[in-house]
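# Remarks on the overall topology
Chain by chain, the residues run as shown.
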Amino acid sequence: MTFEKTPGWLDWYQGPTKPQFKVPAGAVDAHCHVFGPGEEFPFAPERKYTPCDASNEQLYALRDHLGFSRNVVVQATCHGADNRAMVDALVHSNGKARGVATVKRSVTDAELQAMHDAGVRGVRFNFVKRLVDFTPKDELVEIAGRIKELGWHVVIYFEAVDLSELWDFFTALPTTVVVDHMGRPDVTKPVDGPEFELFVKFMREHANVWSKVSCPERLSVSGPPALNGEQNAYRDVIPFARRIVETFPDRVLWGTDWPHPNLKDHMPDDGLLVDFIPHIASTPELQRKLLVDNPMRLYWPEEK
Ligand SMILES: O=C(O)/C=C(\CC(=O)C(=O)O)C(=O)O
């Protein structure tokens, strides 16, 4: 089956630079995706976008190029609840990748167990309206209860303005809860203003809540973009990510977000994205927690 990309689609960056920042040994890229390839793993009929292909071989070549050791592959909405491409990536990783799936209430216990055996350790609940149709909360509660039995966690993706409305649902989840991209703050607002304070309160009052401090390229308004050797990219995002890393050093994760779905403005050089890390985690200890200790505790606890 061949697919036509969404008009204006930006393909991932070819030939990323070698990062100047050397990540610590055993670093984990804890948020990335695979797309298809569409011929082998067709995109879902209910998808809101059609991406370019981005295979697991290409993902693992990037991992090696950037100096990372492992990946967490997160199911992208263009594959709906058909997790085959993501699971195939885990199966071909030599144990170096774990996954986060999207499931429906109709998933069977045997299917969940098969995903667990392949390396899936979480499910993603997506509340970003441009990406998914609404799923009833009672269905999500039921799923959360079932995956808890497997020791999995829930990854949540939402926009900052929706946090107050989703608060009661999120705070009742019975598992570890990992927030994608700091809950997508509006970085033109103050880092100590009411909107981001609510997110900090969410983490402060709930010790089971973690955050990915990823995706500056998605959150930044004033840039400059991670292109053309820029070593000080996305300056407007730094205070937000830094605050979360320094306040909750044991509950933060970082990922490239390769192949960067739905960017409209530019496609970042992934090598320069890695060079962003020391701006938000400024000491070797913070870097080790962010890139090694925390993701290992969550995704490979048996190795700790
Ligand atoms: O890569 C991300 O985390 C963000 C996405 C895409 C996405 O999450 C998905 O398709 O599942 C976005 O904001 O468009």
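Residues numbered from 1 in each chain as written. Predicted model: local features only at pLDDT ≥ 70, side-chain atom pairs only at ≥ 80, totals over all residues. Heavy atoms only, no water.

### Things to note about the pairing of strand 5 (residues 153-157)
Worth spelling out the cut-off: Each residue's exposure class comes from its accessible area (1.4 Å probe, protein chains only) as a fraction of the maximum for that residue type: buried when under 20%, exposed when over 50%, partly exposed otherwise. Numbering of helices and strands runs from the N terminus, with a helix taken as a DSSP run of H or I at least four residues long and a strand as a DSSP run of E at least two residues long. Here, strands pair whenever DSSP counts at least two bridges between them. Consider the strands pointing away from the viewer: the crossover is right-handed when the path from the first strand over the helix to the second runs clockwise.
Of all five residues making up strand 5, five are buried, and the element is well covered by its neighbours. Going residue by residue along strand 5, you find His153, Val155 and Tyr157 tucked away on one face and Val154 and Ile156 tucked away on the opposite face as well. Relative to strand 5, strand 4 (residues 120-126) runs parallel, the two being bridged by five bridges. Note on strand 5: the bridge partner recorded for Gly122 is His153. Between the parallel pair strand 4 and strand 5, the chain is carried across by helix 4 (residues 137-148), and the sense of this crossover is right-handed.

### Observations concerning the UniProt feature "domain: Amidohydrolase-related" (unreviewed entry) in the protein
The following threshold applies: UniProt positions are given in the numbering used here, feature names are shortened, and annotations may be inferred rather than shown by experiment.
The residues that UniProt annotates with the feature "domain: Amidohydrolase-related" (unreviewed entry) are residues 28-299. Each end of residues 28-299 is marked by a C-alpha atom, and these two atoms are 10 Å apart; helix forms 37% of the span and strand 13%.

### Notes on the packing of helix 6 (residues 194-205) against helix 8 (residues 238-247)
So the rule is basically this: Axis angles are defined between N-to-C directions and span 0 to 180 degrees, where every axis is a line fitted to C-alpha atoms and, for a helix, only to the segment in contact. An angle below 35 degrees is treated as roughly parallel, one above 145 as roughly antiparallel, one from 65 to 115 as roughly perpendicular, and anything else as oblique. By definition, turning the near helix anticlockwise from the far helix through less than a right angle yields a left-handed crossing, and turning it clockwise yields a right-handed one. What makes two residues a contact is simply this: any of their non-hydrogen atoms within 4.5 Å. Classification used: nonpolar for Ala, Val, Leu, Ile, Met, Phe, Trp, Tyr, Cys and Pro, charged for Asp, Glu, Lys and Arg, polar for all others including Gly.
With their axes 11 Å apart at the nearest point, helix 6 and helix 8 run at an angle of 20 degrees to one another. With respect to each other, helix 6 and helix 8 are oriented roughly parallel. Both helix 6 and helix 8 take part in a crossing whose hand is right-handed. Two secondary-structure elements touch here, helix 6 through Phe196, Glu197, Phe199, Val200 and Met203 and helix 8 through Phe240, Arg243 and Ile244. Each residue belonging to the contact of helix 6 with helix 8 can be placed in one class, and the counts come to six nonpolar, no polar and two charged.

### Observations regarding helix 2 (residues 84-91)
Within an α-helix, residues lying three or four positions from one another point in the same direction, as the helix has 3.6 residues per turn. For helix 2, the buried fraction is high: six of the eight residues fall into the buried class. Contacts from the buried residues of helix 2 go to helix 1 (56-66), strand 2 (70-74), strand 3 (97-101), helix 3 (109-118) and strand 4.

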